[in-house]
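Letter by letter, the chains look like this.
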Protein chains: 2
Amino acid sequence: MKRIESSQNAQVKHWKRLITVRKERDKSGEFLVEGFHLVEEALRKQESVLALIVREGMTIPKNWNVEEIEIIEVTMDIAKEMAETEHSQGIYAHCSQSTTTKEQQQSWEKLLFIDAVQDPGNVGTMIRTADAAGLDAVILGKGSADAFNPKTVRSGQGSHFHIPIVKGDLSDWVQACKYKDIPVYGTSLDDSVVYNHIEPQPQFALIMGNEGSGLSQQLLQQTDMNLKIPLVGQAESLNVAVATGILLYTLIPIQVES
Amino acid sequence: MKRIESSQNAQVKHWKRLITVRKERDKSGEFLVEGFHLVEEALRKQESVLALIVREGMTIPKNWNVEEIEIIEVTMDIAKEMAETEHSQGIYAHCSQSTTTKEQQQSWEKLLFIDAVQDPGNVGTMIRTADAAGLDAVILGKGSADAFNPKTVRSGQGSHFHIPIVKGDLSDWVQACKYKDIPVYGTSLDDSVVYNHIEPQPQFALIMGNEGSGLSQQLLQQTDMNLKIPLVGQAESLNVAVATGILLYTLIPIQVES
């Protein structure tokens, strides 16, 4: 097993920058996950794991499939510098962000578009919800929190390894949906249909907007239909991830069980 | 306007303990909210505001109704000590937790029961969602994060001033519902009904459980019916606040608009 003892080591510096600097993640197409649960999820998608990083003295669970994975041991001090939280478990996976081909993208029929959602926890929970609802992919537009920010990844609870996440221009994606006759739903309180008036759809794209200002006007004008969730009490709005859950679980067809 | 300059002042000490110490909140039945949005929500429910606390030099918005409210100015240093975040707005409301009578509690027909949900952000988002869905109250069982923790209050986005929040024994509350023929729904993957197979209900109680372990067995055995949200993709679970939104917006009757 390779061992690194200096926090000046170039690899250690790169890992630390992957945690704190978005540009480092964007440029390299890599990210870091921390803790047993997320590392285990990463290992289920072996091709995304570049290396496993363990604090000295840490034992890797015997049931983990790490035969083909490079394992790097680091000192207590380095592990501490890399820790995001006080209760760090001292285990990390250095991962590559998933990529998809144009052909794969062409086949997608159920999509979540995220327009300028700023809180990383919200973006992560939305990715987790899209995964739970069986969507084909999540498309992140401009102005959204980074999908590979450590907080986003933590809220994603492993879904980053289950569902493709693509950065892109949402207007272009809406046009692509129109071309393929996939209905595009926005969310708005004006000129909109109450969510439970629509039927589940075999194909759709749902656009969710910024926590404060909602969907951009430009996108609202391109949608086929806008949905609203009535606020019965005095709350001014729902949390955007909660609203995503309500709308996705209205749009997806749920199989009746035997 | 009263002005406090010493951080050793007893009132300042009490405020700081209200932020950090759950016992102080429980014992006094008070809590503190920070920032323009939450203070404005507090002022809409005047009877809950004990005092407004402002950093020196801060101007109170002219449209705020503060005629009958005690306003206390504090120094920059004290304001900084009280700040929860780096971007503190230097404005606070010292509030009393709402109380309800037995008679009021008897009249409630739509309830959310929270069983040992541990993350303050989740509890706050659940309170906000219950408010949005027009529920009558939220009942917090043992082992849940404190409803008046600053993080919970922040995620609640003002809903703490819109909907009664009561701490109590959930078994007792379930029994009270049974006595009044209010159906009680649990959440479970076993022995449960898919959420979209049920009709909206004029009266109900929904119990949501711990993030990791779900509802306690004891409560599960007391419910009238348990609901499940199918996981179509690879996610192991939904965020508990997202699941709360999906289930509440299934259970509440939504008026058809003209």
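Residues numbered from 1 in each chain as written. Chains lettered and ligands numbered in written order. Predicted model: local features only at pLDDT ≥ 70, side-chain atom pairs only at ≥ 80, totals over all residues. Heavy atoms only, no water.

### Quick notes on the overall build of chain A
Regarding its fold elements, chain A presents 10 helices and 12 strands. Here the C-alpha radius of gyration of chain A, 20 Å, is about what a compact globule of 258 residues would show, namely 18 Å. With the C-alpha coordinates of chain A rotated into their principal frame, the extents come out at 60 × 40 × 35 Å. Looking at the 258 residues of chain A, the share that counts as buried comes to 56%. Looking at chain A as shown, the accessible area adds up to about 12,000 Å², and 46% of this sits on carbon and sulfur atoms. Averaging the coordinates of the 24 positive side-chain charges in chain A and doing the same for the 34 negative ones gives two points 6 Å apart. (Helix = DSSP H or I, 4+ residues; strand = E, 2+ residues; numbered from the N terminus. Rg over C-alpha atoms; globule rule 2.2 N^0.38 Å. Buried < 20%, exposed > 50% of the residue type's maximum accessible area, 1.4 Å probe, protein only. Areas by Shrake-Rupley, 256 points an atom, 1.4 Å probe, with all protein chains shown as cover. Lys, Arg positive; Asp, Glu negative; His and termini not counted. Charge placed at Lys NZ, Arg CZ, Asp CG, Glu CD.)

### Some thoughts on the interface of chain A and chain B
Facing the 37 residues of chain A at the interface are 37 residues of chain B. Together chain A and chain B conceal approximately 2,900 Å² of surface at their shared face, both sides included; 58% is due to carbon and sulfur atoms. Sorting the residues of chain A by area buried against chain B places Arg128(A), Tyr249(A) and Ile254(A) first, and these three jointly supply 18% of that buried surface. At the boundary of chain A with chain B, the tally comes to one salt bridge. With its nearest N and O atoms 4.0 Å apart, the salt bridge here joins Glu236(A) to Arg44(B). (Contact = heavy atoms within 4.5 Å. Buried area = accessible area lost by both parts, 1.4 Å probe. Salt bridge = Lys/Arg side-chain N within 4 Å of Asp/Glu carboxyl O.)

### What about the side chain of Glu30(B)?
All names here are of chain B. Structurally, the position occupied by Glu30 is in strand β2 (residues 30–34). In this structure, Glu30 is buried with no salt-bridge partner, the nearest side chain bearing the opposite charge being Lys27 at 10 Å. Apart from the residues within four sequence positions on either side, Glu30 is in contact with His14, Leu18, Arg25, Leu50, His94, Cys95, Ser96 and Gln97.

### So, the pattern of salt bridges
What the rule picks out here adds up to 23 salt bridges over all chains. Its salt-bridge partner being Asp146(B), residue Lys167(B) comes within 3.9 Å of it at the nearest N-O pair. With a gap of 21 residues between them, Lys167(B) in strand β8 (residues 165–167) and Asp146(B) in the loop between β7 (137–140) and α7 (150–156) connect regions that are remote in the sequence. When its relative accessible area of 40% is taken as the criterion, Lys167(B) is described as partly exposed. Among the residues examined, Asp146(B) registers a relative accessible area of 3% and is labelled buried. One connected set of salt bridges, linked through shared partners, spans Arg22(A), Arg25(A), Asp26(A), Asp146(A) and Lys167(A).

### Quick look at the relation of the copies chain A and chain B
Overlaying chain A on chain B yields an RMSD of 0.0 Å, the required transformation being a rotation through 180° with an accompanying axial translation of 0.0 Å. Put plainly, the chains are arranged around a two-fold axis. The residues that chain A uses at the interface reappear at the interface of chain B in 100% of cases, marking a shared surface. (Least-squares fit on C-alpha atoms with pLDDT ≥ 70 in both.)

### Thoughts on the packing of aromatic side chains
All names here are of chain A. Under the counting rule described, the total for this entry stands at 12 aromatic pairs over all chains. Both rings, one in Trp108 and one in Trp173, keep their centres 6.1 Å apart while their planes meet at 15°; by these two values the pair is stacked. Taken together, the residues span a long stretch of sequence, with Trp108 in the loop between α5 (102–107) and β6 (110–114) and Trp173 in helix α8 (residues 170–179) at a distance of 65 residues. One exposure class covers both Trp108 and Trp173, and it is buried. (Phe/Tyr/Trp six-rings, centres within 6.5 Å; stacked < 30°, edge-to-face > 60°.)

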